[in-house]
2 protein chains.
Amino acid sequence: MQNSALLMDFYALTMANSYFEQGRQDEIAYFDYFFRRVPDEGGYAVFAGLEQLLDYLENLQFSEQEIAFLQQKQIFSEGFLDYLRHFRFRGDLWAVKEGTAVFPAEPLVVIRAPIIDCTLIEAFLLLTLNHQTLIATKAARIVSVAQGRNVLEFGARRAHGVDAAHFGARAAYIAGVDGTSNVYSDFACGIPALGTMAHAYVQSFDNEYEAFLQYAKTYPDNTVLLVDTYDTLHQGIPNAIRVHREYLAPRGYKLKGIRIDSGDLAYLSIRAREMLDAAGLTETKITVSNSLDEYLIKDLLLQGAKIDSFGVGERLITAKSEPVFGGVYKIVALENAGQIIPKIKLSETLQKTTTPGFKNLWRLYDKNRKAIADVITLHDEIIDSTKPYMLFDPEYTWKTKWVTDFVAEQKLQQWISQGGKQQPIPTLEESRAHCRQELQSLWNEVRRLEKPHGYYVDLSQDLWTLKRHLIERHSGKKE
Amino acid sequence: MQNSALLMDFYALTMANSYFEQGRQDEIAYFDYFFRRVPDEGGYAVFAGLEQLLDYLENLQFSEQEIAFLQQKQIFSEGFLDYLRHFRFRGDLWAVKEGTAVFPAEPLVVIRAPIIDCTLIEAFLLLTLNHQTLIATKAARIVSVAQGRNVLEFGARRAHGVDAAHFGARAAYIAGVDGTSNVYSDFACGIPALGTMAHAYVQSFDNEYEAFLQYAKTYPDNTVLLVDTYDTLHQGIPNAIRVHREYLAPRGYKLKGIRIDSGDLAYLSIRAREMLDAAGLTETKITVSNSLDEYLIKDLLLQGAKIDSFGVGERLITAKSEPVFGGVYKIVALENAGQIIPKIKLSETLQKTTTPGFKNLWRLYDKNRKAIADVITLHDEIIDSTKPYMLFDPEYTWKTKWVTDFVAEQKLQQWISQGGKQQPIPTLEESRAHCRQELQSLWNEVRRLEKPHGYYVDLSQDLWTLKRHLIERHSGKKE
């Protein structure tokens, strides 16, 4: 389907119409996008989806057909419908770059816009960022355990629709996956598309040898054979070696690879390596696939599996272990006559209480470019790295730490100013390179799969004071 | 994104090019779409996504830009690229209707087409059917436990992209959900879109009462208020009642509903009902939301919660408990000079061994229109309901049962003949009505959430004989 302005929650329209009827269409609001916990109890997430959000905001407008549809609902005022007819996003947007390692509670996207603009864009903003950040985060975990071996995204057939297949491949590529099965993602974004044959190809011949031979004839310099249709060790690999010996080698070619898609991948890959090596095929690569994820890959490598590439399908493209990224979009301030009025939503726990105000996000690095901590500040605060800086836990404020000899970097950048793009969007390769640097800047203790070390995300003194002040003002107050 | 012909796995193209190079472009193949187990250990799945598949097949063609992209890969022959340039799907397609209750191992879609056509359409076929069938199946479970109460799909913000949001809403609607938050799904398909306000709306006012009052002024005949922004029982509900009393009632309106989005929904809904009833608001509806699924809804109702509508978000739109529907697409036959040559893929277990041949699917109903069993037959077999019919388990063949006094119905219908649509696609409302009938035809023992009774899916004598014959022929055979 094509993007439609109507891809939004109905309540966005009822709220927007109500704001309009109250004459609030020029009132400025501030909204933050953030999340509360990392999926799979991981130590970090990888932010992705910003390019699609920026494109959406640049192009968002309502067609006459869409306006007519809303009109026949008979609940929206003519004035509001006319407002929508001329609607363009007029706000400002700050966000971290795609590929950035991010942590709970941090403002990853900050929107300053008329409250109607803020309201209308919610569903698209959330679904795009939640989806791509989910898949990028999962992919980073999988790539991290593959220890430099190739990881290929093979999940299109189990993705939740065409978008999920393509943008999932995109997010996975940012996070370090090396290629995809999805040709469209190569066509549209230059993500290398890969693949050779399915079982059906082998079955469509009278026997496996004939199938392999015909494939080798079509692709002599790129012969990768799926060896598990009948019996991997007794038929598949011997037939592959025979095709190499009888057809490829005499013509100066080499068997490029084999793929194993079922069975005990640790055992089969070790035996396959022995058989290939014994036939002199020491450079023939072994790819495995079949419901892989970070846990299975880690386990295969611990068992000494001889694998060059992992094809990862459904468990990556759906983030099967935890298929929801719980990013939220919350109002944090309004403007009144140019004054910022911070807003808070209290909750039973401090973690679920929103942090009010127009904010910025800083990361402090040590001299080896390892990340020490993130600090959420008020928007115009500057962290001066020439002076020692005191970190403190926003919940247990007696936990303090002085940092010296650090570099402070602002993580939020402005991408849209009054509806117009402020700077070019990084290329996919740039986002991928950025992600690699970001992950390198994290300590292994933060990156590990099991019980990672909690990364510090603190509030500046000024922001903490503001938050405490608002909590005290609202607590127990009868509305 | 728009649908692209290149939304396919790269291996489809390498295989297709190889078939073409072998001169096999007119060779006819048969492929089945089926699945092996129901997600969440459920007793049945609900088939969905056919309309999108039929549209795709009708419109599938390669643009010059796409051909040029493939050309620069330098692995496809000019002849093949020219073939793609003129490619249109030329095959036949049989499928069960959307909304049909379906079971493991059944051919849900049968394709008869040139082997290249069969190969190129795999990824789109799988992702569309797997996604929508996944969500329809999950939605049917959720609707079944709501015992006639409204179930609303509220998940767009956590969907895996725009397609997942829209087609997920579509699939959920087929399976019995009553509405969606997603306006586009109303615009495009007529699924009723619903919603009122978010916490941000309430927070954007100085106090909750003012927010409620302004909302009531905009929508006096449709005032549904979100009552949990500050304190549901001590502020939210009293403020809602006050707006009714002070603003709505004097003008002849009634408070239509409240929504509770956090806290103990059982307790809060019971107290809310009491408070509303005590204020004379016995018709005011209570909607709840917040990470609901079939288990939580069942539990809420067991606790006596007073709820009229359930807003179900992330756990439905991602099928969180099991986000992968493992439908597969397997070759089952080739044609040679008009003769069908059945194909089998053996596996270690009989369940994973494919059933060969060009097939049909029948359902036997008793005289009360309760489904007794499904029988997979050869394509041209007829089950004659005037005679007793012997069912037998395809694995434990000594388990037999004679059925009499039944109605036999073919479940597969032909939708495409030689590339052209054969019959009109049912409307969404027709598919939804069909689903309702289908679910009514299942015994409660098959429909229950926990340890459902396994529904019988048997093979006809002829099909079983064919399968056994092929297993014997292939077993132990050196290829």
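What counts and how
Residues numbered from 1 in each chain as written. Chains lettered and ligands numbered in written order. Predicted model: local features only at pLDDT ≥ 70, side-chain atom pairs only at ≥ 80, totals over all residues. Heavy atoms only, no water. UniProt positions renumbered as here; feature names shortened; annotations may be inferred. Domains from an automatic or database assignment. Axes fitted to C-alpha atoms, helices over the stretch in contact; angles between N-to-C directions. Helix = DSSP H or I, 4+ residues; strand = E, 2+ residues; numbered from the N terminus. Parallel < 35°, antiparallel > 145°, perpendicular 65-115°, else oblique. Contact = heavy atoms within 4.5 Å. Nonpolar A, V, L, I, M, F, W, Y, C, P; charged D, E, K, R; others polar. Buried area = accessible area lost by both parts, 1.4 Å probe. Salt bridge = Lys/Arg side-chain N within 4 Å of Asp/Glu carboxyl O. Polar contact = N/O pair within 3.5 Å; in protein donor to acceptor, adjacent residues only side chain to side chain. 1 Å grid on protein atoms, 1.4 Å probe; cavity = no way out; pocket = protein on both sides within 12 Å on 5 of 7 lines; lining within 4 Å. Points joined across faces, edges and corners; volume = space filled by probe spheres on them. Least-squares fit on C-alpha atoms with pLDDT ≥ 70 in both.

- You'll find chain A entered in an unreviewed UniProt entry as Nicotinate phosphoribosyltransferase, with Mannheimia succiniciproducens given as the organism.
- Per its UniProt entry, chain A bears the Function (unreviewed entry) comment "Catalyzes the first step in the biosynthesis of NAD from nicotinic acid, the ATP-dependent synthesis of beta-nicotinate D-ribonucleotide from nicotinate and 5-phospho-D-ribose 1-phosphate."

**Regarding the domain arrangement of chain A**
- Along its sequence, chain A is organised into domain 1 (141-317) and domain 2 (357-410 + 448-472).
- Here the C-alpha centre of domain 2 of chain A lies 45 Å away from the C-alpha centre of domain 1 of chain A.

**Brief notes about the packing of helix H10 (residues 208-218) of chain A against helix H1 (residues 10-21) of chain B**
- H1 of chain B packs onto H10 of chain A with a crossing angle of 95 degrees between their chain directions and a minimal axis gap of 10 Å. As judged from the angle between their axes, H10 of chain A and H1 of chain B are roughly perpendicular. Residues Gln214, Tyr215 and Thr218 of chain A of H10 of chain A form the contact with H1 of chain B, whose own contacting residues are Thr14, Asn17, Ser18 and Glu21 of chain B.
- Of the residues in the contact of H10 of chain A with H1 of chain B, the class split is one nonpolar, five polar and one charged.

**Let's talk about the interface of chain B and chain A**
- Facing 99 residues of chain B, the contacting portion of chain A comprises 99 residues.
- Summed over both partners, the interface of chain B with chain A buries about 8,700 Å², with 58% contributed by carbon and sulfur atoms.
- For the interface between chain B and chain A, the tally reads six salt bridges.
- In this structure, Glu122 of chain B and Arg157 of chain A form a salt bridge, with 3.3 Å as the shortest nitrogen-oxygen distance.
- Counting the contacts that link chain B with chain A gives 47 residue pairs in polar contact (both at pLDDT 80 or more).
- Looking at which element gives the most residues to the side of chain B that touches chain A, the answer is H1 of chain B, with nine residues.
- Here the residues of the side of chain B that touches chain A sort into 47 nonpolar, 30 polar and 22 charged.

**Things to note about the UniProt feature "domain: Nicotinate/nicotinamide phosphoribosyltransferase" (unreviewed entry) in chain A**
- Mapped onto this numbering, the UniProt entry gives "domain: Nicotinate/nicotinamide phosphoribosyltransferase" (unreviewed entry) at residues 151-320 of chain A.
- End C-alpha atoms of residues 151-320 of chain A are separated by 17 Å, and the span's content is 47% helix alongside 12% strand.

**Digging into empty space enclosed by the protein**
- Within the structure shown, the criterion is met by five cavities of 30 Å³ or more.
- When its volume is computed, the largest cavity comes out at roughly 50 Å³.
- Around the largest cavity sit Val38, Pro39, Gly42, Gly43, Tyr44, Thr137, Arg141, Ser144, Arg447, Arg448 and Leu449 of chain A, which together line it.
- Among the elements that line the lining of the largest cavity, the one with the most residues is helix H6 (residues 122-145) of chain A, at three residues.
- In this model, the second largest cavity occupies a volume close to 40 Å³.
- Every residue along the wall of the second largest cavity is listed here: Leu50, Leu54, Lys97, Glu98, Trp415, Ile425, Pro426 and Ser431 of chain B.

**Observations regarding the relation of the copies chain B and chain A**
- Superposing chain B onto chain A requires a rotation of 180 degrees together with a translation of 0.0 Å along the rotation axis, leaving an RMSD of 0.0 Å. These values place the two chain copies in the arrangement generated by a two-fold rotation axis.
- Of the interface residues in chain B, 100% have counterparts in chain A that sit at the interface too, so the contact is made through matching surfaces.

**So, the packing of helix H6 (residues 122-145) of chain B against helix H13 (residues 294-302) of chain B**
Residues and elements named next belong to chain B.
- Two elements in contact, H6 and H13, have axes whose closest approach is 9 Å; the angle formed by their N-to-C orientations is 0 degrees. Taken as axis vectors, H6 and H13 run roughly parallel relative to one another. On the side of H6, the interface is formed by Lys138, Arg141, Ile142 and Val145, while H13 contributes Glu294, Tyr295, Ile297, Lys298 and Leu301.
- Considering only residue class, the contact of H6 with H13 consists of five nonpolar, no polar and four charged.

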